[in-house]
Amino acid sequence: MRMKINRISVWQLDLPLHKPYWLSGGRLKFEQLDSTILRIDTDEGVSGWGEGCPWGVTYLPAFGKGIRAGIDEIAALLIGKDPRQLDAINRIMDLALPGHPYVKSAIDMACWDIAAKSANLPLCELLGAREPAPVPIASSVSTGSPQEMLDEVQRFRDQGYRVHSCKVGADVTMDIERINLLAANERAGEIMFYDANRAWLPREAITVLNSIAGVSSWFEQPCETLDEIAQVRRQTSCPIGVDEGLHTMEDLIRIQRDGIAELVNIKINRVGGLTRARRMRDFCLATGITMLIMDTGGTVLADTAVAHFAQTIPAPSCPGVWSCQDMVSVDPAPGQGARNVDGCFSAPDLAGLGVEPELTLLGEPVAIYTMESA
Ligand code: MG
């Protein structure tokens, strides 16, 4: 029997960060995120939740107001459609609004929530598997002096974290100092990511990577473009990850075909939702590419989708996820969803995503789309 979408409600939430956050060697500063949360209702009474939250407006070609403007273009076309037909839903969205993947992610997430609730399965199980181990959460260590960054890593260690993402990408001399101090203090069993967030020129990245002797750590998004990272790849031997350079399946195919990186960061919002992320996951598993799974930002809703998706991937292929919820001061679903336990996430054992935001914490919707608007 066909199920039909009969209402899409959209909320906007400001998410102030607990403290300002610096990326890319201090080029980019963030103090508040703009999140869009939506609920899709159906004629069978099953509802699903989604969230789309870019990391500010300067990090990626994506912004909060753009998500809501994009949803306004698409939403009426989805009324009456079966939310469980995820490929069909995505084709409708792509036809109505080519590109703009970050607009579509929250809708896609809510449809997956409905599909999993309809199947009476936790989302990870509908997505293909529930791997036994909880998923390690990577810390996120803001750019600072070498000692400040080491102190921050230590604070995360004390909370149980074993995977650390240290933000570098300032001047080359200082970056080498930062990385050498952090690497010298690495503990057995830890995984270190040195994430430049696109900041280095190829010659700078080559200098830094070739200065770090005997370290098995990862270097993430050293330069702006895939061409530049390919150049760094040819002249260094450290493992490299691509984060901001992965948007489409074409990007991923190129990364694999040209041997540009051994790891990619699949950020669900950036790639356009779980449907596209799942295709990328399968390509990575088929070609031996390691994955970090995360979203671009958000509350426990986005984090819980990350936890479900990451828990479908065997641990050797997914060393970690990132959690945004602990960095923001707003929680629309207290006590629910994936929560940080000793630096790890586990996907909830409830049907669907397993998160139902409290309406009183969301306030009034900023838009509602129904049969009348279709
Ligand atoms: Mg990164």
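Everything here concerns the structure above.
Residues numbered from 1 in each chain as written. Predicted model: local features only at pLDDT ≥ 70, side-chain atom pairs only at ≥ 80, totals over all residues. Heavy atoms only, no water.

## Side note on the side chain of Arg270
Along the chain, Arg270 falls in helix α10 (residues 268-271). By relative accessible area, which is 3% here, Arg270 ends up buried. In this structure the side chain of Arg270 is engaged in a polar contact, spanning 2.7 Å, whose partner is the backbone oxygen of Asn265. Aside from chain neighbours lying at most four places away, what touches Arg270 is Tyr59, Leu60, Pro101, Asp243, Glu244, Leu246, His247, Asn265 and Thr296. (Helix = DSSP H or I, 4+ residues; strand = E, 2+ residues; numbered from the N terminus. Buried < 20%, exposed > 50% of the residue type's maximum accessible area, 1.4 Å probe, protein only. Polar contact = N/O pair within 3.5 Å; in protein donor to acceptor, adjacent residues only side chain to side chain. Contact = heavy atoms within 4.5 Å.)

## Brief notes about the pairing of strand β10 (residues 263-267)
Regular strands show a simple pattern: their side chains alternate between the two faces of the sheet. A large share of β10 lies buried, amounting to five of its five residues. For strand β9 (residues 240-242) and β10, the ladder comprises two bridges, and the chain directions are parallel. Across the sheet, the residue bridging to Val242 is Val264, located in β10. One crossover worth recording links β9 to the parallel β10 by way of helix α9 (residues 249-257), and it is right-handed. Bridge analysis of β10 against strand β11 (residues 290-294) gives five bridges, and the strand direction is parallel. (Pairing = 2+ DSSP bridges. Right-handed = clockwise from strand over helix to strand, strands pointing away.)

## A word on the layout of surface pockets
Regions of empty space are outlined by a rolling probe, equal in size to a water molecule, passed over the atoms. Within this model, the largest pocket holds a volume of roughly 480 Å³. Together, 26 residues line the largest pocket, and Lys19, Ser140, Glu152, Phe156 and Met327 are the ones closest to its centre. Ranked by residues supplied to the lining of the largest pocket, first place goes to strand β1 (residues 5-23) with six residues. In the lining of the largest pocket, the residues fall into 12 nonpolar, nine polar and five charged. Here the lining of the largest pocket spans two domains, since at least three of its residues come from each of domain 1 (5-120 + 358-370) and domain 2 (125-345). (1 Å grid on protein atoms, 1.4 Å probe; cavity = no way out; pocket = protein on both sides within 12 Å on 5 of 7 lines; lining within 4 Å. Points joined across faces, edges and corners; volume = space filled by probe spheres on them. Nonpolar A, V, L, I, M, F, W, Y, C, P; charged D, E, K, R; others polar. Domains from an automatic or database assignment.)

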